[in-house]
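Below, each chain spelled out in residue letters.
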Amino acid sequence: MSKKENTDYTNPNNLSNTENDNSFNLSPELESLKKEFEINHKLGGKYMNKELEESIPYSGKDFHAALRFYRNIFFYIILTISTIIVIYPVIWMFAASLKNNPEVFKSLNIFKGNFTLSSYKQANRNYSGNINIIKATINSCIYVIPVVFLTIISSLLTAYGFSRFNFTGKKLFKAIMLGCIFMPQTVLNIPQYMMFNKLGLIGSKYYLPLIIPSAFATDSYFIYMFMQFFKSLPKEVEETAIIDGAGPLNTLWFITLPSMIPSIVVCAILKFIWTFNDFLGPLLYVKIPEKYPASLFVRLSLDSDAIYSWNRVFATSFTSILPAIILFLFTQKHLTEDVAGTEIKK
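As the structure is a prediction and not an experimental result, all values here were calculated from the model.

A. Spatial organisation of the layout of surface pockets. Empty space within the largest pocket amounts to approximately 980 Å³. Around the largest pocket sit 31 residues that line it, and Gln185, Leu188, Thr218, Asp219 and Lys271 are the ones nearest its centre. Of all elements in the fold, only helix 7 (133–164), helix 8 (170–180), helix 9 (186–198), helix 10 (208–211), helix 11 (220–232), helix 14 (261–276) and helix 15 (280–285) reach the threshold of two or more residues within the lining of the largest pocket. For the lining of the largest pocket, a count of residues per class yields 18 nonpolar, 10 polar and three charged.

B. Region of interest: the nonpolar core. Judged by nonpolar contacts, the single largest core of 45 residues is most densely connected at Leu156, Phe226, Phe230, Met260 and Ile264. Here this core gets 11 residues from one element, more than from any other, and that element is helix 7. Discounting residues that sit within four places of it in the chain, methionine 260 has contacts with Leu156, Phe226, Phe229 and Phe230.

C. Expanded view of the pattern of salt bridges. Applying the stated criterion across every chain, the model contains two salt bridges. Here arginine 164 and glutamate 238 are joined by a salt bridge, their closest N and O atoms 2.9 Å apart. Separated by 74 residues along the polypeptide, arginine 164 in helix 7 and glutamate 238 in helix 12 (residues 235–243) bring together distant segments of the chain. Exposure remark for arginine 164: the relative accessible area of 19% places this residue in the buried category.

Cut-off values and rules
- Residues numbered from 1 in each chain as written.
- Predicted model: local features only at pLDDT ≥ 70, side-chain atom pairs only at ≥ 80, totals over all residues.
- Heavy atoms only, no water.
- 1 Å grid on protein atoms, 1.4 Å probe; cavity = no way out; pocket = protein on both sides within 12 Å on 5 of 7 lines; lining within 4 Å.
- Points joined across faces, edges and corners; volume = space filled by probe spheres on them.
- Helix = DSSP H or I, 4+ residues; strand = E, 2+ residues; numbered from the N terminus.
- Nonpolar A, V, L, I, M, F, W, Y, C, P; charged D, E, K, R; others polar.
- Core = buried A, V, L, I, M, F, W, Y, C linked by side-chain atoms within 4.5 Å.
- Buried < 20%, exposed > 50% of the residue type's maximum accessible area, 1.4 Å probe, protein only.
- Contact = heavy atoms within 4.5 Å.
- Salt bridge = Lys/Arg side-chain N within 4 Å of Asp/Glu carboxyl O.

Rendered as structure tokens:
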């Protein structure tokens, strides 16, 4: 048998050796397939042309396909288990809120028990005045929404100033701002309380002590987050807008802001959840029971009876977290876009 008949042309090394063999000429189509096969072989078989794949008896494609299949199955199993671990407490709380009080702690099985809506009817009744869980949730939203908007505006403007302008003492102020990230809120509670007490704002029916600080960029974490996003944006686009006559605010509003929507949504979600769940702030500054937010009302419902009705407590708790759940469901697309965009920039 001749040398040419013994040659295995499915091996890229043998294909490359034919370049010096004058007795073996490839058609243009086979020459193109040969080059593609050599490139694919160097890349580990990741990019296989369908026509080339069908023309090769075996090149490891079955092994790579099986490896990817079992790897995806493993990842999906891990994600499913992690999701169940995270979501199960919320599902169990909702199921417990639908059971009779003696059945709440009898079993971890969420489908076992006699389900009823009586706990939600009890949760909606008034305690210590004209206040119930629905009104308490509305009270929370009354001051949480302004806090979110003011935090976004103040943090965005502060971060833009630190990122795009040079001024005297910039490094010092930036260092102070970054240092405030590590300062706990409890350190500021007493000075803030004394200041608002002198201003006569304690017990304000408009929740002013809870809203005013957010207008002065007091959340250093969000300032730093926006600064990091500004660093990833090219300055050339903004400089072009400035040359065309746009001012700093117009440049920020029309050029920079549209690309920052995912980061702004992340800021809004985090600030909404943190403020909505805050217990100490409303406890210090809200003195009228009718103005209690949901965080205080949940604690108030625990003290209303000598014997706890746990199904009512869980019904109250689940109702109080519904706004945060709904917000996350409507904004999770932007949240994933921000994470994916950050990874692509890296």
